[in-house]
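# Understanding the architecture of this molecule
Spelled out, the chains give:
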Amino acid sequence: MRLIARYAKDRGNDFEIVTIYEHEVHKEAVPKADPAIKTLAKEHPSAIWFERKMSDDFGIIIKDAFDKRPLVHQERFPHTVYPMLKDFKEDVLEFAEYIPYKYEAIRGDGIFQVSVGPIHAGIIEPGHFHFSQAGEGILHQEVRHFYKYRGIEKMLEGKTLFDAKLIIERISGNESIAYQIAWRDILFSACGNELPLSLRKRHAFLLELERIIHHVTDLGFIPNDAGFGAALAYASKLSEEARRKMKELTGHRFGFGAIDLENIFYDTASLHEWLAELEENIIFFEDWIIDIPSLWDRFDTTGILKTEKAVKYDTVGVVARASGIMLDRRAEPFYLEHGFEMVTEINGDVGARYKVRMNEVKNSIKIMQHLLVDNTAEVELNKVKDGEYMSFVESSIGELFMAIDIKDGRINRFFVRDPSFMNWQALHLMMPNNIIADFPLINKSCDLSYAGNDL
Amino acid sequence: MIKFWKKRIKLGTLTEDLEFDTQLNEIQKEIKDHVHKKFAGSLAIRMVDSGSCNACEAECNALSNPYYDLERLGIYFVASPRHADVMLLSGIMTFNMTPHVLEAYKQIPEPKWVITLGDCPAMQAPFDKNFAIKSPAEEHLPVAHHIAGCPPDPKEIIKGILSFLRKI
């Protein structure tokens with residue numbers, strides 16, 4: 001049974017621990033006087049970040065956990081402060097005494113440690129990677145994040161769904177449309193309205209456009225990290241053109257504010273033309289890049305994530321599919337009717353992840369062609385009803401899960417699990433037997449979000 | 001590879017939108033002169049993300065695509081603050097990143113400037129101030145220039161760098 005998320009809620013006298021599995025939801029009440037739970041990390045290793053986050057956020061004790069280090073609260077964060085408790089209302093926190101973080105490290109003769117980050121050499125987000133090295137070879141790596149922790153879960157409490165949207169669409173810039181669609185699904189279930197098909201098609205069209213922009217950018221950056229810059233020049237031209245198309249359709253290059261309830265006219269003829277041209281360019285790109293042996297020498301057998309491990313760590317998205325797991329939230333009637341095909345590879349290496357992206361871009365173009373039809377529908381939303389709602393969306397990285405509790409018309413608990421949150425925890429499995437110089441390549445082939453992970 | 005070069009030659013230089021390109025050319029000429037005069041030919045930028053949504057970074061990466069190609073103006077993104085003239089700061093300064101941002105600033109040799117990029121560092125984005133946020137950046141660093149937008153598009157970033165160069 002695949003673990004999707006595990007999080008806590010402050011209910012006054014007790015905590016409710018919610019664990020979401022693929023087909024089941026478990027709820028457990030824990031008294032505040034003795035807030036202790038058992039770890040799930042023995043069966044699901046990726047439960048550990050959820051649990052460490054819970055203990056930082058709420059002060060919940062994970063009794064038998066092998067790892068009790070703080071996760072979100074870094075060296076200078078006051079350690080007795082639990083911001084997700086309802087009675088925590090401070091707006092300003094002062095830096096506390098520096099308590100060093102104990103990294104996972106392998107020690108021994110000739111083994112040394114390499115610290116990378118939080119600020120990296122390129123134009124990328126901050127995060128920390130800690131390597132144990134035997135010469136060039138990586139023995140172990142620890143991923144340490146939450147430098148970008150903005151307290152978004154707490155920030156959204158007390159807001160209406162509509163006020164919250166401005167923040168939700170800015171959680172992760174590369175996945176903005178996906179976040180907005182997750183929000184939209186929750187809005188429609190809270191209002192008890194049915195989503196008109198024309199609206200769903202327009203939104204799905206934009207989601208695929210976002211996926212194309214993100215994947216094509218990666219299709220350029222991954223070869224660039226292997227020293228093949230020409231691919232970046234070509235792919236970044238295509239992604240710039242796609243981004244301009246996004247601007248033309250939504251008024252914003254990243255689609256902030258794009259998911260609304262308006263009927264917007266799309267010039268389908270010119271979009272069909274544009275898609276045909278894009279497809280031609282992608283096919284040319286694939287034909288060219290697949291034929292460069294020195295590049296595939298770097299891609300193949302680098303950063304392998306075996307299928308068993310990918311399953312054990314509950315990975316999602318491109319990373320899971322490249323390791324042979326048939327997992328995509330789009331595998332449902334609506335998308336299947338509109339040309340969706342599951343793309344998988346079996347090798348689980350950088351090359352496999354590259355091919356998955358390449359084929360997904362082609363599939364997205366096909367889906368978009370099927371989604372282009374002129375029709376409109378009016379929608380009048382009912383009042384937002386209180387309750388607990390959740391939604392799933394396949395973002396460009398993988399399965400996005402969002403849960404919102406509404407009380408008196410306002411958000412009482414906001415929780416979102418970015419696909420990156422699962423996949424970051426599996427990144428270290430790809431490292432052994434690789435050299436440290438290949439780390440950027442492996443990392444880029446997964447292209448995970450730091451902002452969505454850290455919240 | 002031959003196929004690629006054939007296509008490359010046929011494509012030529014990317015001039016998709018004439019009006020936009022002439023505008024860009026004007027800005028570019030101006031920037032080139034400024035960089036040459038004030039920074040002996042090259043302006044080195046260290047980009048630091050202190051808690052953005054990654055859109056500002058994506059736009060900075062877009063600056064090197066064939067449409068904008070910032071490097072031909074002598075403006076480079078460098079890997080270390082010790083090689084930089086300017087720190088380009090994006091994102092709301094989070095509690096966890098603030099000490100690292102200040103450390104990076106300390107590592108930049110004098111003379112140095114801070115440019116804030118996007119609405120976040122100035123706390124003008126929709127995020128509310130809370131316990132995890134130490135923004136606005138002005139409270140921690142001497143900000144010389146601000147480039148507004150959520151995120152500012154590549155053209156706005158180039159224009160912003162130009163008005164910074166005019167200012168100093």
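Please refer to the structure placed before this passage.
Residues numbered from 1 in each chain as written. Chains lettered and ligands numbered in written order. Predicted model: local features only at pLDDT ≥ 70, side-chain atom pairs only at ≥ 80, totals over all residues. Heavy atoms only, no water.

### Topic: the overall build of chain A
Check the secondary structure of chain A and you find 15 helices and 11 strands. Over its C-alpha atoms chain A spans a radius of gyration of 22 Å, differing by no more than 12% from the 23 Å that the globule rule assigns to 455 residues. Over its C-alpha atoms, taken along the principal directions, chain A stretches across nearly 65 × 65 × 40 Å. The buried share of chain A, taken over its 455 residues, is 63%. Long-range contacts, defined as pairs at least 24 residues apart, comprise 66% of the intrachain contacts of chain A with a sequence gap of at least 6. Total accessible area computed for chain A in this model is approximately 17100 Å², and 52% of it derives from carbon and sulfur atoms. One finds the centroid of the 55 positive side-chain charges in chain A at a distance of 4 Å from the centroid of its 72 negative side-chain charges. (Helix = DSSP H or I, 4+ residues; strand = E, 2+ residues; numbered from the N terminus. Rg over C-alpha atoms; globule rule 2.2 N^0.38 Å. Buried < 20%, exposed > 50% of the residue type's maximum accessible area, 1.4 Å probe, protein only. Contact = heavy atoms within 4.5 Å. Areas by Shrake-Rupley, 256 points an atom, 1.4 Å probe, with all protein chains shown as cover. Lys, Arg positive; Asp, Glu negative; His and termini not counted. Charge placed at Lys NZ, Arg CZ, Asp CG, Glu CD.)

### Some details on helix α3 (residues 161-168) of chain A
Quick reminder: α-helices carry 3.6 residues per turn. Residues three or four places apart thus point the same way. All names here are of chain A. Looking at α3, one finds that the buried residues are Leu161, Ala164, Lys165, Ile167 and Ile168. When α3 is viewed along its axis, its buried side chains cluster within an angular range of 165 degrees and face the same direction. Tucked inside the fold, the buried residues of α3 contact α2 (152-156), α4 (176-191), β10 (399-407) and β11 (410-417). (Arc of directions from axis to C-beta.)

### Looking at the interface of chain A and chain B
Facing 60 residues of chain A, the contacting portion of chain B comprises 52 residues. Between chain A and chain B, roughly 4700 Å² of surface is buried when both sides are summed, and carbon and sulfur atoms account for 64% of that area. The interface formed by chain A and chain B includes 3 salt bridges. Salt-bridge contacts for Lys159 of chain A lead to Asp128 of chain B; the nearest nitrogen and oxygen are separated by 2.6 Å. For the pair chain A and chain B, the interface holds 21 residue pairs in polar contact (both at pLDDT 80 or more). (Buried area = accessible area lost by both parts, 1.4 Å probe. Salt bridge = Lys/Arg side-chain N within 4 Å of Asp/Glu carboxyl O. Polar contact = N/O pair within 3.5 Å; in protein donor to acceptor, adjacent residues only side chain to side chain.)

### Points about the packing of α4 of chain A against helix α5 (residues 197-225) of chain A
All names here are of chain A. For the pair α4 and α5, interaxial distance at closest approach is 9 Å and the crossing angle is 155 degrees. By the angle between their directions, the pair α4 and α5 is classed as roughly antiparallel. Read as a crossing pair, α4 and α5 show a hand that is left-handed. Contact with α4, carried on its side by Ser176, Ile177, Ala178, Ile181, Arg184 and Phe188, involves Leu199, Arg200, His203, Leu206, Leu207 and Glu210 of α5 and no other residues of that element. (Axes fitted to C-alpha atoms, helices over the stretch in contact; angles between N-to-C directions. Parallel < 35°, antiparallel > 145°, perpendicular 65-115°, else oblique. Left-handed = near helix turned anticlockwise from the far one by under 90°.)

### A look at a negative patch on the surface
A surface patch of like charges, here negative, comprises Asp267, Glu273, Glu277 and Glu280 of chain A. When you line up the elements, Glu273 of chain A lands in helix α7 (residues 268-289). (Patch = residues over 30% accessible without salt bridge, like charges linked within 9 Å, V, L, I, M, F, W, Y side chains within 5 Å.)

### What about the sheet that holds strand β7 (residues 128-134) of chain A?
Residues and elements named next belong to chain A. With antiparallel pairing, 3 strands are arranged side by side in an open sheet as β6-β7-β8. A strand with exactly one partner marks an edge of an open sheet, and here the two such strands are β6 (112-116) and β8 (137-144). Averaged over all pairs of adjacent strands, the angle between strand axes in this sheet comes to 20 degrees, irrespective of strand direction. As paired strands, β7 and β8 are joined by 7 bridges and run antiparallel to one another. Within β8, the position partnered with Gln133 by the bridge is Ile138. (Pairing = 2+ DSSP bridges.)

### Remarks on the pattern of salt bridges
Tallied over the full model, the rule gives 47 salt bridges over all chains. Glu59 of chain B is the partner of Arg253 of chain A in a salt bridge, and the nearest nitrogen-oxygen pair spans 2.6 Å. With Arg253 of chain A in the loop between α6 (229-250) and α7 and Glu59 of chain B in helix α3 (residues 55-62), this pair bridges two chains. Neither Arg253 of chain A nor Glu59 of chain B differs from the other in exposure class; each is buried. The network of salt bridges with shared partners includes Lys9, Arg11, Asp14, Glu16, Lys27, Glu388 and Asp405 of chain A.

### Thoughts on the side chain of Asp328 of chain A
Residues and elements named next belong to chain A. Mapped onto the secondary structure, Asp328 falls in the loop between α10 (317-322) and α11 (333-337). Among the polar contacts listed, one links the side chain of Asp328 to the side chain of Arg321, at a separation of 3.2 Å. Reaching out from Asp328, the side chain makes a polar contact with the backbone nitrogen of Arg330 at a distance of 2.8 Å. With residues near it in sequence (within four places) discarded, Asp328 still touches Arg321, Phe340, Met342, Glu360 and Glu394.

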